[in-house]
Amino acid sequence: MRVLITGGAGFLGSALANHLVRERHRVWVLDDLSAGDPASLHKDVSFTRGDVRDIPRLWTLLKGMDCVYHLAARVSVPESILYPVEYNDVNVGGTVSLMTAARDAGIKRVVFTSSGTVYGEQKEQPIKETARPNPRNPYAVTKIAAEHYLSAMGALYGIETVILRIFNAYGPGQAAPPSHAPVIPQFVRQALGGGSVVIFGNGEQTRDFVYVDDVVQALIAAATAQAQGLIINIGAGREVSVKGLVRGLEEILGRRVPSLFSTTQDGGVSRMRADISLAQRVLDFTPQVTIKEGLEMMVAHYQRLLKEETTRRAK
Ligand SMILES: NC(=O)c1ccc[n+]([C@@H]2O[C@H](COP(=O)([O-])OP(=O)(O)OC[C@H]3O[C@@H](n4cnc5c(N)ncnc54)[C@H](O)[C@@H]3O)[C@@H](O)[C@H]2O)c1
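Note that the structure is predicted; figures quoted are calculated from it, not measured.

Engineer: Looking at this model, I keep getting lost on the sheet that holds strand S5 (residues 109–115). Mind explaining?
Structural biologist: On the basis of which strands lie adjacent, the open sheet formed by 7 strands has the order S3-S2-S1-S4-S5-S6-S11 and parallel pairing. Two strands in the sheet have a free side with no partner beyond their single neighbour: strand S3 (46–49) and strand S11 (231–234). Neighbouring strand axes in the sheet, compared pairwise and without regard to direction, differ in orientation by 20 degrees on average.

Engineer: I tried to follow the packing of aromatic side chains on my own but got confused; where do I start?
Structural biologist: Given two aromatic rings, their pairing is described by the distance between the two centres and the angle made by the two planes. Summed over the entire model, instances satisfying the criterion amount to 3 aromatic pairs. Between Tyr170 and Phe209, the ring centres sit 6.4 Å apart and the planes meet at 85 degrees, which makes this aromatic pair edge-to-face. Taken as a pair, Tyr170 in strand S7 (residues 168–170) and Phe209 in strand S10 (residues 209–211) lie far apart in primary sequence, 39 residues in all. Taken as a pair, Tyr170 and Phe209 share a single burial class, namely buried. One aromatic cluster is present, built from ring pairs that chain together Tyr170, Phe209 and Tyr211. Over the face of the ring belonging to Tyr157 we find Arg103, whose NZ or CZ atom lies 4.8 Å from the ring centre.

Engineer: For this particular structure, what's the right way to read helix H2 (residues 55–62)?
Structural biologist: An α-helix turns once every 3.6 residues. As a result, residues three or four positions apart point the same way. Taken residue by residue, H2 has Leu58, Leu61 and Leu62 as its buried positions. Along H2, the residues classed as buried sweep out an arc of 90 degrees about the axis, all on the same side. Considering only its buried residues, H2 is in contact with strand S1 (2–6), strand S2 (26–31), S3, strand S4 (67–70) and helix H4 (84–105). Gly64 lies just past H2 and shows a positive phi near 80 degrees.

Engineer: Hey, could you run me through the packing of H4 against helix H5 (residues 138–157) in this one?
Structural biologist: H5 packs onto H4 with a crossing angle of 15 degrees between their chain directions and a minimal axis gap of 9 Å. With respect to H5, the element H4 is oriented roughly parallel. Crossing of H4 over H5 shows right-handed handedness. Residues Pro84, Tyr87, Asn88, Asn91, Val92, Thr95, Val96, Met99, Thr100 and Arg103 of H4 pack against Pro138, Tyr139, Thr142, Ala145, Ala146, Tyr149, Leu150, Met153, Gly154 and Tyr157 of H5. Of the residues assigned to the contact of H4 with H5, the class counts are 13 nonpolar, 6 polar and 1 charged.

The rules behind the values
- Residues numbered from 1 in each chain as written.
- Predicted model: local features only at pLDDT ≥ 70, side-chain atom pairs only at ≥ 80, totals over all residues.
- Heavy atoms only, no water.
- Pairing = 2+ DSSP bridges.
- Helix = DSSP H or I, 4+ residues; strand = E, 2+ residues; numbered from the N terminus.
- Axes fitted to C-alpha atoms, helices over the stretch in contact; angles between N-to-C directions.
- Phe/Tyr/Trp six-rings, centres within 6.5 Å; stacked < 30°, edge-to-face > 60°.
- Buried < 20%, exposed > 50% of the residue type's maximum accessible area, 1.4 Å probe, protein only.
- Lys NZ or Arg CZ within 6 Å of the ring centre and 35° of its normal.
- Arc of directions from axis to C-beta.
- Contact = heavy atoms within 4.5 Å.
- Parallel < 35°, antiparallel > 145°, perpendicular 65-115°, else oblique.
- Left-handed = near helix turned anticlockwise from the far one by under 90°.
- Nonpolar A, V, L, I, M, F, W, Y, C, P; charged D, E, K, R; others polar.

Have a look at this one:
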């Protein structure tokens with residue numbers, strides 16, 4: 001396959017790009033590097049720095065592609081509350097630009113990474129794709145709006161579209177900026193640093209954490225599966241509470257990890273568990289990595305980084 005990945009220098013995009021290249025596919029990446037890092041890409045990935053809203057740039061890159069993965073986006077919920085205009089411009093505007101250019105370039109299929117956050121608070125768990133979306137922050141709104149553009153423009157222009165609603169992905173290589181770090185890398189760093197982990201809300205809230213390699217498997221299947229026009233949940237199909245993550249870390253580290261509870265920030269929706277039966281059926285998707293194994297790999301990864309940092313400082 002010849003594949004273009006927008007946002008391909010980011011956490012999920014680089015994991016996908018590197019995996020595809022190792023399987024001998026030809027991979028191009030377009031990324032403006034607002035968050036991504038081209039150093040994370042295998043040397044055989046063709047990298048272009050640019051904005052996904054730049055239609056002429058897309059025309060050049062899209063020629064001859066078999067599939068486009070559209071991952072480029074601003075991805076932080078708290079940041080989206082501060083900068084909704086920018087989030088709308090990139091996440092919605094970028095999708096409209098991509099679909100316009102894909103029409104002109106005669107692209108057959110676009111795979112889009114939407115998010116489980118579009119569901120918001122849902123009584124019925126696990127959450128099925130048929131649940132009525134309840135986006136409660138600008139990031140989630142941009143994702144559901146982009147989904148609608150993708151479906152509508154895809155149908156109008158004869159482009160196959162596949163939408164994956166990814167729940168909480170995690171893994172080594174995930175950016176963890178201090179202002180809005182995702183919970184797993186944040187906790188692992190705080191715990192390894194010997195301090196307390198900071199829990200937003202009461203810690204009883206659950207999330208469906210899915211390991212990066214499992215997400216990559218789903219993305220790869222989505223390029224060729226009989227899945228056109230579908231919206232498909234991608235998660236582990238299990239829920240783990242925030243307090244449960246702390247207990248998991250305590251088991252791995254063999255010591256107590258003290259918790260502090262922040263009263264200034266709420267913990268978000270109370271439960272998130274994906275119903276992944278559609279993914280199992282259509283994408284042959286079976287998550288392989290348990291939360292215990294995933295946390296162990298995260299701990300090993302951050303221990304390695306800390307060791308490298310200590311050696312660098314000592315020189
Ligand atoms: N990581 C998760 O848990 C998760 C869950 C659900 C959905 N998603 C979606 O998956 C995709 C990838 O997320 P990620 O976790 O890898 O985040 P990420 O921030 O690591 O990757 C996003 C990439 O998009 C690039 N980008 C941002 N604006 C751009 C623009 N205007 N033009 C070109 N590139 C631009 C960034 O530089 C970055 O490399 C996003 O669309 C995100 O919404 C991620």
